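Survey of secondary and tertiary structure
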Amino acid sequence: MTQTDPDIFGTKTQTLIRNIRLDGKPAEIYLDGTGNIASVGEKIKDHDAEFIIDGNGATALPGMVNMHAHSPMSLLRGYSDDMPLFEWLSTKIWPTEAHLTESDIYWGAKLACLEMIRTGTTTFNDMYFMMNNVAEAVDEAGIRACLSYCMIDGGDHEKFEKECSVMEKTVATLKARANPRIIPGVSPHAVYTVSEEGLRWCAEFSERENIPLHIHVDETDENPDCIKAHGMRVAQWLDHCGVLSNRCIAAHCCWLDADDIRLFADRGVTVVHNPVSNMKLSVGRALPYPELKAAGVNVTLGTDGASSNNDLDMFGEMKTAAILQKFFWNDPTIMPASEALTIASRNGAKALGINAGVIAPGFLADIILVGKTVTTTPAFNTTSNAVYATSGLAVDTTICDGAVLMHEGFIPGAEEILAKSERVAFDLVRRATA
Ligand SMILES: O=c1[nH]cnc2c1ncn2[C@@H]1O[C@H](CO)[C@@H](O)[C@H]1O
Ligand SMILES: [Zn+2]
C-alpha cells in the first residue's frame, strides 16, 4: 500500500497490518471494518482484508492520548514566549483570544488535529471556547476528542449565568452530533478564575450529564491565595465545591501535598502531567508523581496548548515526563519507559471511558506505527526507543477508530491546512494588535 492509493484513507475498512513488531516481537493486526481490533497474532491467516499495510518493520503502539490541550491555541504557537504564567496570560494570550472568531477556532483546531495525527495522537482532551467549531475540525480529521467549553466567570454573577447557558448549549450541540469520536465534557478553568457558584454548577452539571470535568489545578502554587480567600487549600476547596466527585480530570497538580494526594486518591481524580509546559512556564515544582503513584492515582499525560509547549508531540512529552521526574526527585528509577508509555496512552483512555490504549482484540482500533528509522535503530527495546529516542515525526501510520488517517507520513489535505491556518493566525494577531 502506498500513498498513491487514496482509497485507504478516512473510512473504516478491513485492513491487515503486517510486518510489524508488537512488544518487540513480529506481529500482524487485523481490523475488520467495525472500528475495533479483530485479531492480533504472529501470522493472521483468517481474514478478509481489502487493504494490506506493510509496516516494513515498524513498531505498533496504541495511539497517544493527550489529556490536556487547548487545540485552537496552535494559532498562537511562538506568538509569545519566555514570560511568567500570569503575565503571559493577562498581557498576551487573553487579549488576543478576545479577537478569536469561529473560523479562527476551526482553523486552529484543524492545525492541532493535523499535528496530532502526524505525531501519533489519536485522542485528545480539549478545553477551550466555541467547541462546536473544534468538533467540526475533529469530525473532519477523523481523530477522537473530549471537548469541553471553558467557563471563566471571574466572580461576576451575570457572567456566571451566561457561562452556564453556553456550557449547556455546547454539551447539547456536541451530543446532537452523535459522533462516537466526540465526547462532551465540562471545564471550569481554575479556582482563580471561577467563582464558588461556577465550580458548584459545573460539578453538578458534569454529574447530571455523566461527562468528564476538566480543570487546571495547582499549576503554580495557588494554595496561599486560596487559603486567604476560602480558608482551605485548593484541593479541599474543590472538594468542598463538589468538583472532585465525578470524573474529575485535573491538569498540572504540581503543588499537591500528601493530604491533597490522599483526597485525590479517595475521590478517584485523574491527574494530568504537563512537563514541558510546566518547565517552560517555570511553575516551581514538578508533579509529585512518586507519591501519586504510591497512592494509586491515575496519572496521565498532556501537552497543554501549543503556545506554552510549543508542540503537541506526545513522544517528546513522554521523554520529558520521564526525565523530569527522575531529575526533580533525584531517582533514575522513577517512571521507567514502559510506565511513561502507559501514562501516555492507556491511562488517558481509561479516564475518558474509552476502550483504547491497548492493542488486543476487542479494543478500539486506535493504533500508530512508529517507522524503522534513524531514531529507532537498533531495536534492542522498542519501548525504550519510543520514549527516549524518537520524536513523533517517526510515526508513519496513524489509525483512529479503524480508519487510516496517515500512512507513510502522508495525510490528505495537510498542505491546505498549513497554508490556511498560517494566514488565519497572522490575521488574528494583526487584528488583536491593531
Ligand atoms: O497554562 C495555562 N494555565 C492557565 N490557563 C491557560 C494555560 N494555557 C492556556 N490557558 C487558557 O485557558 C483557557 C482555555 O481553556 C484560555 O483562556 C487559555 O488561554
Ligand atoms: Zn492548560
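None of these values were measured; they are calculated from a predicted model.

**Some remarks on the overall build of the protein**
- The helix and strand tally for the protein stands at 15 helices and 15 strands.
- Here the protein has a C-alpha radius of gyration of 21 Å; the compact-globule value for 434 residues is 22 Å, and the two agree.
- For the protein, the spread of C-alpha atoms along the principal axes amounts to about 65 × 45 × 40 Å.
- Counting over 434 residues, the protein shows a buried share of 54%.

**Re the environment of alanine 389**
- Within the secondary structure layout, alanine 389 lies in helix α14 (residues 382-389).
- Along the primary structure alanine 389 and threonine 377 are separated by twelve residues, whereas in three dimensions their C-alpha atoms are 9.3 Å apart.
- If sequence neighbours within four positions are ignored, alanine 389 has contacts with Thr375 and Thr376.

**Quick look at the sheet that holds strand β2 (residues 25-32)**
- Spatial ordering of the open sheet is given by β3-β2-β1-β4-β13-β14-β15, a layout of seven strands whose pairing is mixed. The strands lining the two open edges of the sheet, one partner per strand, are β3 (37-41) and β15 (403-407). Going across the sheet, the axis of each strand differs from the next one's by a mean of 30°, ignoring polarity.
- When strand β1 (residues 14-22) meets strand β4 (residues 51-62), the two strands line up parallel, connected through six bridges. Its bridge partner lying in β4, leucine 16 is registered against isoleucine 52.

**Comments concerning the domain arrangement of the protein**
- Considered domain by domain, the protein is made up of domain 1 (6-62 + 365-415) and domain 2 (64-352).
- Here the C-alpha centroids of domain 1 and domain 2 sit 28 Å apart.
- On the domain 2 side, the residues contacting the 22 residues of domain 1 number 24 residues.
- Looking at the side of domain 1 that touches domain 2, the elements that each hand over two or more residues are α14, β14 (395-400) and β15.
- Class assignment for the residues of the side of domain 1 that touches domain 2 results in 13 nonpolar, seven polar and two charged.

**Concerning the site of ligand 1**
- As a structural note, the neighbourhood of ligand 1 is formed by 15 residues, with His70, Ile93, Met127, Cys150 and Gly305 the closest of them.
- Residue assignment for the shell around ligand 1 shows that the elements contributing at least two residues are α1 (85-97) and β6 (121-128).
- The element contributing the most residues to the shell around ligand 1 is α1, with four residues.

**What to know about the UniProt feature "domain: Amidohydrolase-related" (unreviewed entry) in the protein**
- UniProt marks residues 60-404 with the feature "domain: Amidohydrolase-related" (unreviewed entry), using the numbering shown here.
- Taken end to end, residues 60-404 has its terminal C-alpha atoms 14 Å apart, with 44% of it in helix and 18% in strand.

**Some thoughts on the packing of helix α2 (residues 102-118) against helix α15 (residues 414-432)**
- It is the contact of α2 with α15, at a shortest axis distance of 9 Å, that shows an interaxial angle of 135°. Relative to α15, α2 is oriented oblique. Once α2 is placed against α15, the crossing between them reads as left-handed. Across from Ser103, Asp104, Trp107, Gly108, Lys110, Leu111 and Leu114 in α2, the residues of α15 making contact are Ala414, Ile417, Lys420, Ser421, Val424 and Leu428.

**Considerations on the UniProt feature "binding site: substrate" (unreviewed entry) in the protein**
- Here the UniProt feature "binding site: substrate" (unreviewed entry) sits at Glu97, His189, Glu219 and Asp304.
- Residue placement: glutamate 97 occurs in helix α1.
- Positionally, glutamate 219 belongs in the loop between β9 (213-217) and α6 (223-230).
- For glutamate 219, a count of 22 C-beta atoms within 10 Å corresponds to the buried category.
- In this view, glutamate 219 contacts Leu85, His252, Cys254 and Val283; residues no more than four positions away in its chain are not counted.

**Quick look at unusual backbone geometry**
- In this chain, asparagine 309 is followed by asparagine 310 through a cis amide linkage whose omega measures 15°.
- Its place among the elements puts asparagine 310 in the loop between β12 (298-301) and α11 (314-328).
- Across the junction of threonine 377 and proline 378, the peptide omega takes the value 0°, indicating a cis bond.
- Looking at the secondary structure, you find proline 378 in the loop between β13 (367-370) and α14.
- Phi at aspartate 218 is positive, roughly 50°, even though this residue is not glycine.
- If you trace the backbone, aspartate 218 turns up in the loop between β9 and α6.
- You can call aspartate 218 buried: it has 27 C-beta atoms within 10 Å.
- Unlike most non-glycine residues, aspartate 401 shows phi in positive territory, near 55°.
- Along the polypeptide, aspartate 401 turns up in the loop between β14 and β15.

**So, helix α8 (residues 258-267)**
- Three or more residues of α8 are buried, namely Asp260, Ile261 and Phe264. Buried residues of α8, viewed axially, fall in a sector of 100°; they line one side. Set apart from the buried face of α8 by more than 90 degrees, the exposed residues are Ala258, Asp259 and Asp266.
- On its buried side, α8 packs onto α7 (234-240), β11 (270-273) and α10 (289-295).
- Following α8 by one or two positions, glycine 268 adopts a phi angle in the positive range, close to 70°.

**Overview of the nonpolar core**
- Residues Ala60, Cys113, Val138, Leu238, Val243, Ala250 and Met318 are the most contacted members of the largest nonpolar core, which totals 136 residues.
- For this core, the two domains that each supply at least three residues are domain 1 (6-62 + 365-415) and domain 2 (64-352).
- With residues up to four places along the chain from it excluded, the contact list for cysteine 113 reads Ala137, Val138, Ala141 and Ile143.

What counts, and where the lines are drawn
- Residues numbered from 1 in each chain as written.
- Chains lettered and ligands numbered in written order.
- Predicted model: local features only at pLDDT ≥ 70, side-chain atom pairs only at ≥ 80, totals over all residues.
- Helix = DSSP H or I, 4+ residues; strand = E, 2+ residues; numbered from the N terminus.
- Rg over C-alpha atoms; globule rule 2.2 N^0.38 Å.
- Buried ≥ 20, exposed ≤ 12 C-beta atoms within 10 Å, placed from the backbone.
- Contact = placed C-beta atoms within 7 Å.
- Pairing = 2+ DSSP bridges.
- Axes fitted to C-alpha atoms, helices over the stretch in contact; angles between N-to-C directions.
- Domains from an automatic or database assignment.
- Nonpolar A, V, L, I, M, F, W, Y, C, P; charged D, E, K, R; others polar.
- Near = placed C-beta within 6 Å.
- UniProt positions renumbered as here; feature names shortened; annotations may be inferred.
- Parallel < 35°, antiparallel > 145°, perpendicular 65-115°, else oblique.
- Left-handed = near helix turned anticlockwise from the far one by under 90°.
- Arc of directions from axis to C-beta.
- Core = buried A, V, L, I, M, F, W, Y, C linked by C-beta atoms within 7 Å.

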